[in-house]
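Each chain, written out:
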Amino acid sequence: MVAMLLLCIGAAAGQSSSARRKIFIDQDVRGPAGTDLQSMLALLQAPQAEVLGISITSGDGWAKAGAQNALRMLELTGHATVPVDVGAEFPFINSREETLEWESKFGVMAYKGAWNESGYHEPDIVPPLRAGPTHLKVVDRHGADLLWDTVRRNPNEVTVWVGGPLTTVAMALRLHPELPQMAKELVLMGAGFNVDKGGNHRINGRREFNWWFDPEAARMVMSANWKKITITPVDISVKTEWTEKLKAEVAKADSKAARYLAEYAGTSGYMWDEIAALAWLDPSIITRQQELWVNVDIDHGPSYGQTIFMEKEVKAPSWFWKSATVQWDLDTSKFYELFVSLMKR
Ligand SMILES: [Ca+2]
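Residues numbered from 1 in each chain as written. Predicted model: local features only at pLDDT ≥ 70, side-chain atom pairs only at ≥ 80, totals over all residues.

This brings us to the overall build of the protein chain. Scanning the protein chain from N- to C-terminus turns up 14 helices and nine strands. For 345 residues, the compact-globule estimate of 2.2 N^0.38 gives 20 Å, and the C-alpha radius of gyration of the protein chain, at 19 Å, lies within 12% of that figure. With the C-alpha coordinates of the protein chain rotated into their principal frame, the extents come out at 50 × 45 × 40 Å. Counting only residues that meet the buried cut, the protein chain has 52% of its 345 residues in that class. When contacts within the protein chain are restricted to residue pairs at least 6 apart in sequence, long-range pairs at least 24 apart make up 81% of them. (Helix = DSSP H or I, 4+ residues; strand = E, 2+ residues; numbered from the N terminus. Rg over C-alpha atoms; globule rule 2.2 N^0.38 Å. Buried ≥ 20, exposed ≤ 12 C-beta atoms within 10 Å, placed from the backbone. Contact = placed C-beta atoms within 7 Å.)

Here you go:
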């Protein structure tokens, strides 16, 4: 199976660059390695994909530190030519302060990304990188500008792929309302539906981190007029696992990507963002999906930031409900095989 897959990838590598599918990555980063960088690396390694630019938004970590981690990964894995920008550093409305107040009323979060008490640092600080300092620099403009410029130059061709909070995308579409119609599609890891784990409030999977970190941005982006929206939710994330065995399988190779993961990857965790990346590269990984009306609750009460959804059979109850394809299940063997083969390149 792996051999067949490699053959397919090899054939795809022979295609001209114009045949490659164009993608812009917007991501939050807690590095080195981990789901944020591993998903980006999968897209960068894929011969059928052309990563046109990367914007780093605050979420799992602050944007400035995340961008340095991303640049270091690009440098070590042979992808130094891809432009990286710092995107949104703060959510539109939500904040660390509001979250502390929320927790005093409604219960303590299990995970808050850049706002975690453990290891907290100020947004402008870039702590020393575990993978060492990078020699690469961010492009001197905002991530929202890089996103818009990338889409504008390639009308109807660019997939906007988002693995973090949606702040930068929301900024870009407020500056350029034509963005959703000029992009090819929106693909994102976010939201949670019928799952009792994986949420940042423990048993409540509808409080999914990316959407919870900036609910207003999620509302803006999910209410926009995209041609197509694909969601990789917590429900499918929790069906995967990054393990010591999988890491060892990757580490057998002598590629730059494999060496990076062998050195810096952990040995546990759901493969949240990797699913969103690999399912875009090879949709046949997904074995079950469903069209739903999906959005996010922006009431600043106990449900702030939770995913809301309805079946498509009912009439959309308001203007802001948009239709999205939600991934429920995957062929895990195929998924792990593709991930390993991409890292071995
Ligand atoms: Ca992420």
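The next point concerns the sheet that holds strand E4 (residues 158-162). An order of E3-E2-E1-E4-E5-E6-E9-E7-E8 is seen for the nine strands of this open sheet, with the pairing classed as mixed. Either end of the sheet is taken by a strand with one partner, and the two such strands are strand E3 (84-86) and strand E8 (307-311). Averaged over all pairs of adjacent strands, the angle between their axes in this sheet comes to 30 degrees, without regard to strand direction. Taken strand by strand, helix H5 (residues 143-153) contacts strand E1 (21-27), strand E2 (49-56), E3 and E4, and its axis lies near 155 degrees from that of E2. Sitting on the sheet, helix H9 (residues 215-222) touches strand E7 (286-296) and strand E9 (322-330), and the angle it makes with E7 is about 105 degrees. (Pairing = 2+ DSSP bridges. Axes fitted to C-alpha atoms, helices over the stretch in contact; angles between N-to-C directions.)

Taken across its eight residues, E2 has seven buried, putting it largely inside the fold. Relative to E2, E1 runs parallel, the two being bridged by seven bridges. Directly across from Ile23, in E2, lies its bridge partner Val51. In this view, the connection linking E1 to its parallel neighbour E2 by way of helix H2 (residues 34-45) has right-handed handedness. With helix H3 (residues 63-77) bridging E2 and the parallel E3, this β-α-β connection has right-handed handedness. (Right-handed = clockwise from strand over helix to strand, strands pointing away.)

Along the polypeptide, Lys184 turns up in the loop between helix H7 (179-182) and strand E5 (185-189). Of the residues examined, Lys184 has 19 C-beta atoms within 10 Å and is grouped as partly exposed. Residues Lys184 and Lys137, spaced 47 residues apart in sequence, show a C-alpha to C-alpha distance of 29 Å. If we skip the residues at most four places from it in the chain, Lys184 touches Asn156, Glu157, Val158, Thr159 and Lys227.

For the pair H5 and helix H6 (residues 167-175), the least separation of the axes is 8 Å and the interaxial angle reads 60 degrees. Taken together, the axes of H5 and H6 lie oblique to each other. Helix-helix and strand crossings are classified by hand; for H5 and H6 the assignment is right-handed. Mapping the contact onto sequence places Gly143, Ala144, Leu147 and Trp148 in H5 and Thr168, Val169, Met171, Ala172 and Leu175 in H6. Of the residues contributing to the contact of H5 with H6, the split by class is seven nonpolar, two polar and no charged. (Parallel < 35°, antiparallel > 145°, perpendicular 65-115°, else oblique. Left-handed = near helix turned anticlockwise from the far one by under 90°. Nonpolar A, V, L, I, M, F, W, Y, C, P; charged D, E, K, R; others polar.)

Within an α-helix, residues lying three or four positions from one another point in the same direction, as the helix has 3.6 residues per turn. If you check H2, its first and last C-alpha atoms are 16 Å apart, about what 12 residues at 1.5 Å a residue would give, namely 16 Å. Taken as a whole, H2 has its buried residues at Gly34, Thr35, Asp36, Leu37, Gln38, Ser39, Met40, Leu41, Ala42, Leu43, Leu44 and Gln45. The secondary structure elements touched by the buried residues of H2 are E1, E2, H3, helix H12 (256-264), helix H13 (272-281) and helix H14 (332-343). (Expected span 1.5 Å × (residues − 1).)

With that settled, consider unusual backbone geometry. With an omega of 0 degrees, the peptide bond between Gly31 and Pro32 qualifies as cis. Note on placement: Pro32 falls in the loop between E1 and H2. The phi torsion at Ala33 lies on the positive side, around 50 degrees, for a residue other than glycine. By the secondary structure assignment, Ala33 is in the loop between E1 and H2.

It is worth spelling out the nonpolar core at this point. One finds Leu43, Ala70, Val221 and Leu278 to be the most contacted residues of the largest nonpolar core, which totals 103 residues. Apart from the residues lying within four places of it in its own chain, the contact partners of Val221 are Leu166, Val169, Ala170 and Leu173. (Core = buried A, V, L, I, M, F, W, Y, C linked by C-beta atoms within 7 Å.)

Attention now moves to the pairing of E5. Within E5, four of the five residues are buried, which leaves it mostly tucked inside the rest of the structure. By the bridge criterion, four bridges tie E4 to E5 in an arrangement that is parallel. Residue pairing for E5: Val162 is matched across the bridge by Leu188. Bridge analysis of E5 against strand E6 (residues 229-232) gives four bridges, and the strand direction is parallel. Considered in E6, the bridge of Met189 is made with Thr232.

Quick look at the confidence of the model for the protein chain now. The predicted model of the protein chain averages 94 in pLDDT, with 95% of residues at 70 or higher. In the model, residues 1-15 has pLDDT below 50 throughout and makes 13 contacts with residues more than four positions away in sequence or in other chains. (pLDDT = per-residue confidence, 0-100.)

Tracing the backbone shows Leu246 in helix H11 (residues 244-251). Placed 10 residues apart in sequence, Leu246 and Lys256 show a C-alpha to C-alpha distance of 17 Å.

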